[in-house]
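Below, each chain spelled out in residue letters.
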Amino acid sequence: MADFIDGTAFNYEQGQRARKLFAAVVLAALDDAIADDKKYGNGPEQIARWARSRDGREVLSCAGIDPNERVVKGLMEFVSKGIRTSVALSREESERRHALELDQAEAA
């Protein structure tokens, strides 16, 4: 019985590591699309084409993201903002956005 539990826990951990790996691929695709947007101006279209492709849907699914049209629109919006994923995921950026929202709420 203990072997079954250990095996299940190991498989779960392996699955979580694989999901994180595919999430990193999604973040890299976003960064590539942002770079394309800055260089050629077609970043949102590039990420949408990738997310709608068979490979893109497969990567999104393996990352634990449902590859529906709402997700594609969100990815396009993220790319159009032009903030790299490493910056967007940082604590400083999060605090800056929160402070900006508070300032806007006080001004209204």
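Residues numbered from 1 in each chain as written. Predicted model: local features only at pLDDT ≥ 70, side-chain atom pairs only at ≥ 80, totals over all residues. Heavy atoms only, no water.

## Observations regarding the overall build of the chain
The helix and strand tally for the chain stands at six helices and zero strands. The globule rule puts the C-alpha radius of gyration for 108 residues at 13 Å, and the 18 Å found for the chain is more than 25% above it. Expressed as lengths along the three principal axes of its C-alpha atoms, the size of the chain is roughly 60 × 35 × 20 Å. Relative to its 108 residues, the chain shows a buried fraction of 20%. Within the chain, residue pairs in contact and separated by at least 24 positions form 58% of the contacts whose partners lie at least 6 positions apart. Here the chain displays about 7,900 Å² of accessible surface, and carbon together with sulfur accounts for 55% of that area. Across the chain, the 16 positively charged side chains and the 19 negatively charged ones have centroids separated by 4 Å. (Helix = DSSP H or I, 4+ residues; strand = E, 2+ residues; numbered from the N terminus. Rg over C-alpha atoms; globule rule 2.2 N^0.38 Å. Buried < 20%, exposed > 50% of the residue type's maximum accessible area, 1.4 Å probe, protein only. Contact = heavy atoms within 4.5 Å. Areas by Shrake-Rupley, 256 points an atom, 1.4 Å probe, with all protein chains shown as cover. Lys, Arg positive; Asp, Glu negative; His and termini not counted. Charge placed at Lys NZ, Arg CZ, Asp CG, Glu CD.)

## Examining the confidence of the model for the chain
When pLDDT is averaged across the chain, the result is 91; 95% of the residues are at 70 or more. The spread of mean pLDDT over the elements of the chain runs between helix H6 (residues 91-107), the lowest at 83, and helix H2 (residues 43-52), the highest at 98. (pLDDT = per-residue confidence, 0-100.)

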